[in-house]
Every structure is written in structure tokens, then in C-alpha cells.
Amino acid sequence: MVKVFEGVLSRAQTPFINESLIDFSKAENQRAQSQAIEQVKSELGRTYPLIIGDKKITSKDTFASVNPAQPDQVVGYFSRATAEQVNEAVQVAATTFETWKRVPAQERAGYLFAAADVMRQRRFYINAWMIYEVGKSWVEADADTAEAIDFLEFYAREMIRLADEQPIVHIAGEENKLVYIPLGVGAVIPPWNFPCAIMVGMTSASFVAGNTVILKPASTSPAIAAQFMRILEEVGLPSGVVNFLTGSGSVIGDTLVDHPQLRFIAFTGSRDVGLRIYERASKHQKGQRWLKRSILEMGGKDGIVVDETADLDSAADGIVASAFGFQGQKCSAGSRAIIVDQVYDQVLQKVVEKTKQLTVGDPTQPTTYMGPVVDENAMKKILDYIEIGKHEGRLVAGGGHQGPGYFIEPTVFADVDPHARIAQEEIFGPVLAVIKAKDFDDALNIANDTEYGLTGAVYSRDPQRIERAKEEYHVGNLYFNRKCTGALVGVHPFGGFNMSGTDSKAGGKDYLLLFTQAKAISAKKQPAQGPTPPERWQGE
Ligand code: NDP
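Scoring rules and cut-offs
Throughout this description, residue numbers start from 1 for each chain and increase along the sequence as written. Confidence filtering applies because this is a predicted model: local features only for residues at pLDDT of at least 70, side-chain atom pairs given and counted only at 80 or more, and all residues used for totals across whole chains, interfaces and linings. Remark: hydrogens and water are excluded; side-chain values derive from all non-hydrogen atoms of the structure. In this scheme, strands are said to pair when DSSP sees at least two bridges between them. Strands here are runs of E lasting at least two residues and helices are runs of H or I lasting at least four, both read from the DSSP assignment and numbered beginning at the N terminus. Comment: axis = line fitted to C-alpha atoms, over the contacting stretch for helices; angle = value between 0 and 180 degrees taken between N-to-C directions. We call two residues contacting when some pair of their heavy atoms lies within 4.5 Å. Consider each residue's heavy atoms; a residue with any of them within 4 Å of a molecule or strand counts as near. Under this definition, polar contacts are N or O atom pairs within 3.5 Å; protein pairs additionally need one hydrogen-donor-capable and one acceptor-capable atom, and for neighbouring residues in sequence, both atoms have to be side-chain atoms. Only the protein chains shown count as covering a residue, and every accessible area follows the Shrake-Rupley method with a 1.4 Å probe. Put simply, Ala, Val, Leu, Ile, Met, Phe, Trp, Tyr, Cys and Pro go in the nonpolar bin, Asp, Glu, Lys and Arg in the charged bin, and everything else, Gly too, in the polar bin.

**Observations regarding the sheet that holds strand E17 (residues 411–414)**
No. 1: If you trace the 7 strands from one edge of the open sheet to the other, you get E14-E17-E18-E13-E12-E20-E21, paired in mixed fashion. Lying at the two open borders of the sheet, with one neighbouring strand each, are strand E14 (394–397) and strand E21 (477–480). Averaged over neighbouring strand pairs, the angle between their axes works out to 20° when direction is ignored.
No. 2: In terms of strand pairing, strand E12 (residues 302–306) meets strand E20 (residues 455–459) through 4 bridges, oriented parallel. Each residue of the ladder has a partner; that of Val306, found in E20, is Tyr459.
No. 3: Here helix H12 (residues 341–356) sits on the sheet in contact with E12, strand E13 (334–340), E14, E17 and strand E18 (431–437), set at roughly 145° to E13.
No. 4: Helix H16 (residues 463–472) rests against E20 and E21 of the sheet, and its axis sits at about 175° to E21.

Structure (C-alpha cells):
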């Protein structure tokens, strides 16, 4: 077992620095990644248990997670949790909460630092699991692992900061302080698209704050979550702090979300599932003693605005990277390019040329830029949208797909109406809608005219327009003269407005507050110590 508590405070005092990405142009890194891919290949097809407290339970009823590049290759078999097991896991988490909440913050943070260290040692290995399980390219998989390490490092430091003395106004005659205490048992329900980073981020934020967790990973990426559970066990995290339930969200999700002993839900995923959780969590259940807190991070329909003053090559690069990185399966993906009339044709031509150069293929190969989309359902849904797009716009690149893996060409539709379905609905695949705007004002209006508000970018050299967009472009993460994907922990606290979620900021200084509640503690000083202060009432 790794010793987790040595030097936690001194480590927490060192500044947080984002993990640098692996340089795959170096032969030794290529070799290391290839070896890890071989290693993981030899481990595919194993069966993984549910983890409830100190029990590992493999049920007869399992489902397979498969390699989307080669769907007959099983990545792993996972047990389908039953409603009874959901109840048991919540019960175990509730019991464990009574001890875990008393563990000092410094000690809790120590587990995150220790897990970060193990992830660094296993960097290529964890990348390889993502390459197999969700079809990430090497670069995308590595960025995902780096982000997971960043979350661990960042939230460990944040918890120690929150556990320290908090700034409040002092008055004579009283001792006052504010402490952040945990909430209780939380359900952590991550998506598959950042199967390491988001899963690790939401889980670690929950338990470092003193809560206990039921982690229900996405059914298309449970193997990566199982690797994290292994790490938590190795660093000695007490059993019952994070419980691991696999199975379809549509089958066990409601039982989990509705449970009266559940205190909060941390969810990242689609708009529709997010709305369902929001509604159900707001309903009081018999025996429930609190209002459940929902931390929901949902979809996006992110836009990139380009005006006539912009560096057009750089804009086209940013549009293509934002639209097609990880096959367009990012909540931050730039799925709308909104270009002013004056430079529309030029930018469109550049975008099409650059799109046609992208390589689609087996993600175990280092030269692949785009792998498959995550599963057959996703592929069918995206292909349906491509058919819709053929009636709503002019197909200027891609549109096709190849099997047997779930490969879809990077696809560009030009001349799309801002209210067309492919310009409004989240497709979550490699499909870009290019929209012509009359001028910058029109472009900004179009950019804001969706129900989402996650990320956005503006390419312009006009300082006044940039200032206007800062005020008026209503998204949680706004970028200028760069792509709208690739938020870094601590640097770009991440999360959106409107239907993109509950306005939280993952990787920001406010994030852990969502997993805690603040308690004000006041004690009257003894009379000998000075005059009694005048009584003041606040809102009572
Ligand atoms: P889904 O909403 O389909 O699934 C997300 C998670 O919810 C999965 O673990 C899923 O389990 C679970 N789930 C499904 N149904 C229920 C239910 N009824 N009750 C409880 N849980 C349930 O999203 P995807 O996994 O497909 O992820 C893609 C979506 O995530 C996109 O919309 C994307 O924009 C969004 N996203 C948002 C981010 C943000 O920061 N705002 C970041 C990343 C992604 P199962 O897999 O078993 O169905």
C-alpha cells in the first residue's frame, strides 16, 4: 500500500501546475505507448465485479464493453447491478459516511495525491484503455489522462484550502468561524466521452470533500472506471468510500437518484438524462431529510464566430480541431461555424480542405487523428443527422461511414440555416454546420440563439468586437482567437449556462463548494474578556 499522508501539507503548498502532454513525436514515447497498447490487449475480455463496501460481487448477468473500432473485440464484461444492490450500496455508503466525514481533510487529500502519482506511473497504460474502450486517438487519450491527474492534484489542494480558516468578519465578544462540512452520500454518474477525466474529477471532488460515493460509470466505458477503482484500492482508500455499480443507467438510474438516503447527484451527460435527474431529485421521498443537490453538466451546441478581420487560416484550423477532435464527441465541440458573409467562401474552402486531410482509422495506430464513434447507437444517430443535413444544407465534405467499426467521416454541411435541426440539436459526432452571417452583429445573435450555452469562440482582430462578445456571448467558456475545446483544469474552469447545466465550474475554485455545506459556528466569549457586543440580527 502507498503511504498517502506523508508530506501532504507541503505538497499542497506547491503551486498547481497542469500535467504536460506526452510528446508522441519522440521514439521512446511511441514505443512506450505501443507497448502499453499490447499490454492492455492481453488484458481484454476479463470480468469485473461490482464493489460494495469490502465486497466484490460478480453477478451472472453481465454485459460487454466492446472496442468501437472492432466491435467483436470485448474490452471487458461487467456485472449488471440490481435495484437491491443499489439499495445495499447506498446503505454501505451511508454507514461509511459516519466515519469518513471525520477523517481530516489533509488525510483525505492525501489519497488524491497518491492516486495522481499512480496515474502518472501508469500514464501510457491508462491511455491504452481509452484507446481500446472508446476509440480515442493517442493524443486525445493522453489529454484525458493528464486532465484526470490535474483534477486529483487540483482538488486535493482545494480541499486543504477549504479546510483552513475561512475569512469572516470578526466582532468583539464572540469567536466565529465558518467550516465546510460534507453533504453525505452522493451518486456520481459520468459520461463516456471523458471516461477518465470526468469520472475521476467528479468522484474525487465528492470524496475529498468528505462524502461517500456510488460511482456508476457509463456503460460504454466501465473498464476505465474499473482501473480507477483499482488505483483507489491500491492507495488504501477505505472500503465503502467509493462504491462501484455498473449497469444500464436507464435500469438502475432511477432507483439510485430516487433513494431517500442520497444527498446529492453529480452527473455529466446528455440534456435529456440531466433533465430527468433534475426532476426526480427534486421530488421529496418518504424518509428523506434534505433537499437533494443536483450538480448537472449537460450538452452543448457550441459555435465559433469568424469575422472579416480574423486570421482566416488560424480560424479554419480552430474550426476543424474543435469540430473533429475525438470525432466531435466533446460537449465543447465546435459544431457550428458562424462566418460573416465577406469571408464566408474563403473560410469554408479552407475548412473543407483541412477536413479532407484528416485521417480516420484504427486508434491503436499513432497516425490516426479520428477513431470510431463510441457505439452503434451513436453511429446510427449521427448517420440519421447526416441524412437530415442533406436536406438542410449543402454537403461539402464527408458524409460516409465504414465498417465493421463505427467509423464516420468528418462531415461538413455548408449554407445551413441557423434554425435548422443540425444547427440546433446536439449531434455528438463529427458533423459541422457552417452558417453564413450578414455581419458580426448577426453572427453574435446566431451564436447565442440555441438553448445551450457551454463553449464558444470568436476569431476577430477588432478590439471593440472582442469587448462586445465578452459581454454578450452567453456561454460558460468563451475563447478568443483559439479553438473552443481543450479547457485546462485551474486555467479554464469548465461548465456552461442554460441547458448546458447547473452553471458549475469543474476544475475551478468554486467547484468543491458544490460538494460541501457551510456551517457558521459562533461562541460568546466569557464576560471577563470584554464588553458584550450590541445584538444584531440577520434576517430573522
Ligand atoms: P448520457 O446522458 O447518455 O449518459 C450519461 C450517464 O448517465 C451515463 O453514465 C448513463 O449510463 C447515465 N444514465 C443514463 N440514463 C440514466 C438515468 N435514467 N438515470 C441516471 N443515469 C442515467 O450521456 P453520454 O454518456 O452519452 O455523454 C454524452 C453527453 O454528455 C453529451 O450530451 C455531452 O454534451 C455531455 N457532456 C457534457 C459535459 C459538460 O461538462 N457539460 C462534458 C462531457 C459530456 P449508461 O451509460 O448506462 O446509459
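**What about the site of the ligand?**
No. 1: Taken together, 33 residues sit near the ligand, with Ser219, Ser270, Met298, Cys331 and Glu426 positioned nearest.
No. 2: Take Trp192: an N or O atom from its side chain is 2.9 Å from an oxygen atom of the ligand.
No. 3: Between a nitrogen atom of the ligand and a main-chain N or O atom of Met298, the distance comes to 2.7 Å.
No. 4: Relative to its unbound accessible area of 910 Å², the ligand is 88% covered by the protein chains.
No. 5: Mapped onto the shell around the ligand, the elements with two or more residues apiece are helix H9 (249–258), strand E10 (262–268) and helix H10 (271–281).
No. 6: When residues in the shell around the ligand are grouped by element, the largest group, 4 residues, is from H9.
No. 7: Each residue belonging to the shell around the ligand can be placed in one class, and the counts come to 15 nonpolar, 13 polar and 5 charged.

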